[in-house]
Amino acid sequence: MFSKKINLIIIYILTFSFIYSCVDDDVCDKIATPRLTIAFVDSLNQKLKKDSIFIDEVNLDNTMSRHVFSGIDSIKIPLNALSDKTILYLYDKKSTPDSIKNIITVTYQTEQEYVSKACGFKILYKNVNFDPTRLTNIKKITSKTTQIREESKNLYITY
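Computed from a prediction, not measured in an experiment: that's the story for all the values here.

**Student:** Just checking my understanding: could you explain the packing of aromatic side chains for this structure?
**Tutor:** Summed over all chains, the structure comprises 4 aromatic pairs. Note on Phe54 and Tyr91: the rings are 5.5 Å apart at their centroids and 10° apart in plane angle, and the pair reads as stacked. A residue pair is termed long-range when its members are at least 10 positions apart, and Phe54 in strand β2 (residues 50-58) and Tyr91 in strand β5 (residues 85-91) qualify at 37 residues. Each member of the pair, Phe54 as well as Tyr91, is classed as buried. Judged by centre distance (5.0 Å) and plane angle (80°), the ring pair of Tyr108 and Tyr125 falls under edge-to-face. Highlighted residues: Tyr108 in strand β6 (residues 102-116) and Tyr125 in strand β7 (residues 120-134), separated in sequence by 17 residues. Directly above the ring of Tyr159 sits Lys50, whose terminal nitrogen or CZ lies 3.7 Å from the centroid. Over the ring of Tyr91 we find Lys101; its NZ or CZ atom is 4.2 Å from the centre of that ring.

Parameters and conventions
Residues numbered from 1 in each chain as written. Predicted model: local features only at pLDDT ≥ 70, side-chain atom pairs only at ≥ 80, totals over all residues. Heavy atoms only, no water. Phe/Tyr/Trp six-rings, centres within 6.5 Å; stacked < 30°, edge-to-face > 60°. Helix = DSSP H or I, 4+ residues; strand = E, 2+ residues; numbered from the N terminus. Buried < 20%, exposed > 50% of the residue type's maximum accessible area, 1.4 Å probe, protein only. Lys NZ or Arg CZ within 6 Å of the ring centre and 35° of its normal.

Spelled out as structure tokens, the structure:
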């Protein structure tokens, strides 16, 4: 009888310990580091839907990453968090020669901010400057901010 009670108490303690020792999974369910958001507008400052847009981004090792979008009026592009600038080549057709691609150089300073245990740190961009290095078919670029802390529209490109 005594050993049955001991066994029952041990089973109860083990079950209780097992149930209450588990913790919820700490999963990051959002994009922490904000991306550059570019909106396309016409000369009347109305939304402009682009049939297609190609963006080549120069990486740290001087290779290119290509982003392709179609049927959109705004895009989100990640900036290079390991550098203080990102060079973007924008063009409408895949066969566009390099000599007439639009080039926008984005310079910035990075800052880290703690988000949570699951998400870790996010990179924030301050002192952001958009330099229209070469504009061929873009009429102008208009910056709406000098910092990127969230994914609101940061840059307007007028065609």
